[in-house]
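If you want the building blocks of each chain, they are given just below.
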Amino acid sequence: MDHNKLLDATGLACPMPIVKTKKSIDELSSGQVLEVHATDKGAQNDLTAWAKKTGHEILDSKEENGVFKFWIRKG
Amino acid sequence: MTQVGTTERTTIVLFSGDLDKSIAAFIIANGAAAYDHEVTIFFTFWGLNALRKDQPVPVKKGLLEKAFAWMMPRGSKKLGLSRMNFAGAGPAMIKHVMKKHNALSLPQLIELAQAQGVKLVACTMTMDLLGLQQEELLDGIEYAGVAAYLGDATEAKVNLFI
């Protein structure tokens, strides 16, 4: 999937994936897409909850070899 | 940008001076900051020790205050665990495990919180009780009492006492 920015948060523990995702999203403009890679087991639920509350949209997510991948469109 | 009622808020009272509880408090604070919340951590009693500078600061103290300063952990690197402290072996073990799992240490979490604009507030009344002075605490923090804390807490949906 197309993305405007890629954030590699693999190997990082809570709360860093969400802190870094917020920072990266702040650097994008509305409508742009951020791709996030994370290995933290809580990342799926964390990012879903975070996006919902902060007004961003998770377009897609999948797991590949233990890496969770997310595509988030900035609201 | 910041108006009462539009920005979400989170407050945490950190009463405990335990390493594990302080880590939990700072992880929640950093998470809330990533949620764009205005975050306040109010440090009171033993919680104040996490804000102490690592190095002794030359300030005038009475005998009892000196004793307190000496008996309490000086800074976030010196805190003990609430369980399984084993005279300091516990914290060393936890720090080792945290490093292995790439988790941020407490000093790093405090730095991150400050970088994210988390408001760190030291309770002045308990500072007096424990004999701690402003020069002995980290730079960039605020000083206030219960009314200032409640002012923030009444605007917040998440208020924790740790």
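The structure presented is a predicted model; accordingly, all values stated were derived computationally and were not measured. For every chain, the first residue of its written sequence is number 1, and the numbers climb from 1 along that sequence. Here the convention is simple: chains get letters from A, ligands get numbers from 1, in the order in which they are written. Reporting of local features is limited, given that this is a predicted model, to residues whose pLDDT is at least 70; pairs of side-chain atoms are given and counted only at 80 or more, and all residues count toward the totals for whole chains, interfaces and linings.

*Asks:* Looking at this structure, I do not really get the sheet that holds strand 2 (residues 38–43) of chain B. What am I missing?
*Replies:* Pairing between the strands of a sheet comes from backbone hydrogen bonds, and it takes one of two forms, parallel or antiparallel. Residue and element names in this part refer to chain B. By the convention used here, strands pair only if DSSP detects at least 2 bridges between them. For helices the rule is a DSSP run of H or I covering at least 4 residues; for strands it is a run of E covering at least 2, with both sets numbered from the N terminus onward. Pairing within the open sheet is parallel, and its 5 strands lie in the order 4-3-2-1-5. Every other strand in the sheet has two partners, leaving strand 4 (142–144) and strand 5 (158–161) as the edge strands with one partner each. Taking the axes of each pair of neighbouring strands and ignoring which way they run, one obtains an average angle of 20° across the sheet. Judged from the 4 bridges that link them, strand 1 (residues 9–14) and strand 5 form a sheet pairing that is parallel. Looking at strand 5, one finds that threonine 11 is bridged to asparagine 159. Here, residues touch in the contact sense if the C-beta positions derived from the backbone fall within 7 Å of one another. A fitted line through C-alpha atoms represents every axis, and for helices the fit uses only the stretch in contact; the resulting angles, taken between N-to-C directions, go from 0 to 180 degrees. Running over the sheet, helix 1 (residues 19–34) touches strand 1, strand 2 and strand 5 and is turned about 170° from strand 1.

*Asks:* Help me understand the interface of chain B and chain A, please; the structure alone is not making it clear to me.
*Replies:* Accessible area lost upon the coming together of the parts serves often as the stated size of an interface. Between chain B and chain A, the residue contacts involve 11 residues of the former and 12 residues of the latter. It is helix 1 of chain B that contributes the most residues to the side of chain B that touches chain A, 4 residues altogether. Charged means Asp, Glu, Lys or Arg here, nonpolar means Ala, Val, Leu, Ile, Met, Phe, Trp, Tyr, Cys or Pro, and polar covers whatever is left, Gly included. For the side of chain B that touches chain A, a count of residues per class yields 6 nonpolar, 4 polar and 1 charged.

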